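Summary of structural features
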Amino acid sequence: MGKALDGVRILDFTHVQSGPTCTQLLAWFGADVIKVERAGAGDITREQLRDIPDVDSLYFTMLNHNKRSVTIDTKHPEGKQVLEALIQKCDVLVENFAPGALDRMGFTWERIQELNPRMIVASVKGFGPGPYEDCKVYENVAQCAGGAASTTGFDDGPPVVTGAQIGDSGTGLHLALGIVTALYQRTQTGRGQRVLAAMQDGVLNLCRVKLRDQQRLERTGVMKEYPQYPNGKFGEAVPRAGNASGGGQPGWILKCKGWETDPNAYIYFITQAPVWAKICNVIGKEEWATDPDYATPVARLPRLKEIFAEIERWTMTKTKFEAMQILNKYDIPCGPILSMKEIAEEPSLRKTGTIVEVDHPTRGKYLTVGNPIKLSDSPTEVKRSPLLGEHTDEVMAELGYSPEQISALRTAGAI
Ligand code: CAO
């Protein structure tokens, strides 16, 4: 079966996490992704957080599946010529270097246009144009500058970053959408264009509901679904909301049986209005279904703490999976707090290809997260990440270089 992006060639000049997540997705959709790395070194993540000496790290392998790796010194005059040949052959150049690095290498937008006017040049940067545009940025900087950290955590504690890599992988997703959109527009215009996804913007896009709340707060001075209501104080900015739901149906994380020893024996419980009577029945508080102090969502808002404490008395008598089973029978929205161990061992995620076991020549078998986006006509087959420079000769031959020329370039240190 063909793949959605068959025939699309990507010059993958990305490193670390944000850019590689983007090009990995494109590769899973069938694009030919040629990752350009420096000989002898490669993407810095190959050696970061290694669990096996001298073997590509899980950090690298889990972000670079289905790609080919070529080594080119793009600051070497002859290496630059190889890169130029690649630019002429590819549809998209994706990069996430520090601001200005591509220009310093001599590959400005104007130069790339001269070489290939159909080329799409897609970049991740930490910030868009403005006071911080020249800054280098990593994940947590983006989480802080994009509004996530100030709104995550508990009211009485400091700002907190989240384990979900919304700055890196989140921005990679945004960039991938920009690239396929530009490819689509190119079918009409015949022209390439620049695509920019700034990490601050990507994080803010994912924190959209918090900017909503900022404006609600400014208008009304209070947000009744936040844990600060009714007894705490609201300041000028959206406060940290603990585990409160970001939507219109109040929720909280509650202890389940075994919480004393298992750090993940918890469940997220949503007191969705349409199933309120069922919730009252399940927890044995039938009278709350008709009591005017509890019967409506508005009446419940100042009593959420007390309500969740009562529900927790019930959840603490069940394991998180028992509670899930019972609550789902009544369509009460809830979710167990799953540990990474439980997720790794979950058979249904293996079955759908969301968790995949991959074999690697030097590492052996390891688990990875497969493609979370499933296309019925373009199924994903996860292939191991390339060794450094594994495909240099193959790609150089495709560019028209003879074995003698390849060997001369290697001797000169250009590849
Ligand atoms: N041949 C020759 N030189 C190469 C090369 C190659 N194949 N590949 C990269 N280089 C050079 C670059 O040209 C650059 O040189 P100059 O500094 O002389 O211009 C140099 O390697 C280092 O690139 P860098 O500045 O991007 O790398 P860094 O490790 O110092 O910074 C990072 C890393 C991530 C902070 C920075 O790239 C960045 O801010 N990127 C944009 C935001 C981003 O994506 N952050 C997410 C990081 S985690 O996913």
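In this text the structure is predicted, and so the values were computed from the model without any measurement. (Residues numbered from 1 in each chain as written. Predicted model: local features only at pLDDT ≥ 70, side-chain atom pairs only at ≥ 80, totals over all residues. Heavy atoms only, no water.)

1. Focus: the sheet that holds strand S6 (residues 194-198)
The strand order S3-S2-S1-S4-S5-S6 describes an open sheet built from 6 strands, whose pairing is parallel. Only two strands of the sheet have a single partner each, and these edge strands are strand S3 (67-71) and S6. In this sheet, neighbouring strand axes are inclined to one another by 20° on average, regardless of whether the strands run parallel or antiparallel. Bridging between strand S1 (residues 9-13) and strand S2 (residues 32-37) involves 4 bridges; their strand directions are parallel. Across the sheet, Asp12 pairs through a bridge with Lys35, a residue of S2. Its contacts with the sheet place helix H8 (residues 199-206) against strand S5 (120-125) and S6, and it is angled at close to 65° to S6. (Pairing = 2+ DSSP bridges. Helix = DSSP H or I, 4+ residues; strand = E, 2+ residues; numbered from the N terminus. Axes fitted to C-alpha atoms, helices over the stretch in contact; angles between N-to-C directions. Contact = heavy atoms within 4.5 Å.)

2. Quick notes on the domain arrangement of the protein chain
When its domains are assigned, the protein chain resolves into domain 1 (7-203 + 350-410) and domain 2 (249-331). Placing a centre on the C-alpha atoms of domain 1 and another on those of domain 2 gives a separation of 44 Å. (Domains from an automatic or database assignment.)

3. Focus: a positive patch on the surface
Judged by side-chain charge, Arg38, Lys75, Arg104 and Lys136 come together as a positively charged surface patch. Residue position: Arg104 is located in helix H4 (residues 101-104). Residue Arg104 is classed as exposed on the basis of its relative accessible area of 61%. (Patch = residues over 30% accessible without salt bridge, like charges linked within 9 Å, V, L, I, M, F, W, Y side chains within 5 Å. Areas by Shrake-Rupley, 256 points an atom, 1.4 Å probe, with all protein chains shown as cover. Salt bridge = Lys/Arg side-chain N within 4 Å of Asp/Glu carboxyl O. Lys, Arg positive; Asp, Glu negative; His and termini not counted. Charge placed at Lys NZ, Arg CZ, Asp CG, Glu CD. Buried < 20%, exposed > 50% of the residue type's maximum accessible area, 1.4 Å probe, protein only.)

4. Quick look at the packing of helix H10 (residues 276-283) against helix H12 (residues 304-315)
A pair of packed helices is captured by two measures, namely the crossing angle of their axes and the spacing between those axes. Relative orientation of the contacting elements H10 and H12 amounts to 50°, with a least axis distance of 9 Å. In terms of their interaxial angle, H10 and H12 are classed as oblique. Across from Trp276, Ile279, Val282 and Ile283 in H10, the residues of H12 making contact are Ile307, Glu310, Ile311 and Trp314. The class makeup of the residues in the contact of H10 with H12 is 7 nonpolar, no polar and 1 charged. (Parallel < 35°, antiparallel > 145°, perpendicular 65-115°, else oblique. Nonpolar A, V, L, I, M, F, W, Y, C, P; charged D, E, K, R; others polar.)

5. Observations regarding the packing of helix H1 (residues 18-28) against helix H7 (residues 169-189)
Running from amino to carboxyl end, H1 crosses H7 at an angle of 45°, the nearest separation of the two axes being 7 Å. It follows that H1 is oblique to H7 by the angle criterion. Viewed along their axes, H1 and H7 form a crossing whose handedness is right-handed. Of the residues in H7, those in contact with Ser18, Thr21, Cys22, Leu25 and Leu26 of H1 are Ser169, Gly172, Leu173, Leu175, Ala176, Ile179 and Val180. Class assignment of the residues belonging to the contact of H1 with H7 gives a composition of 8 nonpolar, 4 polar and no charged. (Left-handed = near helix turned anticlockwise from the far one by under 90°.)

6. A look at the nonpolar core
The tendency in soluble globular proteins is for nonpolar side chains to be buried side by side. In this structure, Ile10, Leu26, Val94, Leu175 and Ile179 are the most contacted members of the largest nonpolar core, which totals 35 residues. At the level of secondary structure, the elements contributing two or more residues to this core comprise H1, strand S4 (92-95), S5, H7, S6, H8 and strand S10 (355-360). Once residues within four sequence positions are removed from consideration, Val94 is found in contact with Ile10, Leu11, Asp12, Phe13, Thr14, Cys22, Thr23, Ala122, Leu175 and Ile179. Among the nonpolar cores identified, the runner-up in size contains 31 residues, and Leu11, Ile72, Leu115 and Met119 belong to it. (Core = buried A, V, L, I, M, F, W, Y, C linked by side-chain atoms within 4.5 Å.)

7. Some words on the sheet that holds strand S9 (residues 334-336)
Read across the open sheet, the 3 strands follow the order S7-S8-S9; overall the sheet is antiparallel. Each end of this open sheet is capped by a strand with a single partner; those strands are strand S7 (251-255) and S9. The sheet shows a mean angle of 20° between the axes of neighbouring strands, direction not considered. The sheet contact formed by S7 and strand S8 (residues 266-270) spans 5 bridges and is antiparallel. By the bridge assignment for S8, Lys255 is matched with Tyr266. Sitting on the sheet, helix H13 (residues 320-329) touches S8 and S9, and the angle it makes with S9 is about 160°.

8. A closer look at the pattern of salt bridges
Applying the stated criterion across every chain, the model contains 23 salt bridges. Between Lys35 and Asp43 there is a salt bridge, with the nearest N and O atoms lying 2.8 Å from each other. Residues Lys35 and Asp43 agree in their burial class; the two are buried. Glu287 serves as the salt-bridge partner of Lys285, at 3.6 Å between the closest nitrogen and oxygen.

9. So, the UniProt feature "active site" (unreviewed entry) in the protein chain
The sites that carry the UniProt feature "active site" (unreviewed entry) are, in the present numbering, Asp168. Summarising the element assignment, Asp168 is placed in the loop between helix H6 (139-145) and H7. For Asp168, a relative accessible area of 6% corresponds to the buried category. Leaving out residues up to four positions away in the same chain, Asp168 has contacts with Gln17, Ser18, Thr21, Glu139 and Met199. (UniProt positions renumbered as here; feature names shortened; annotations may be inferred.)

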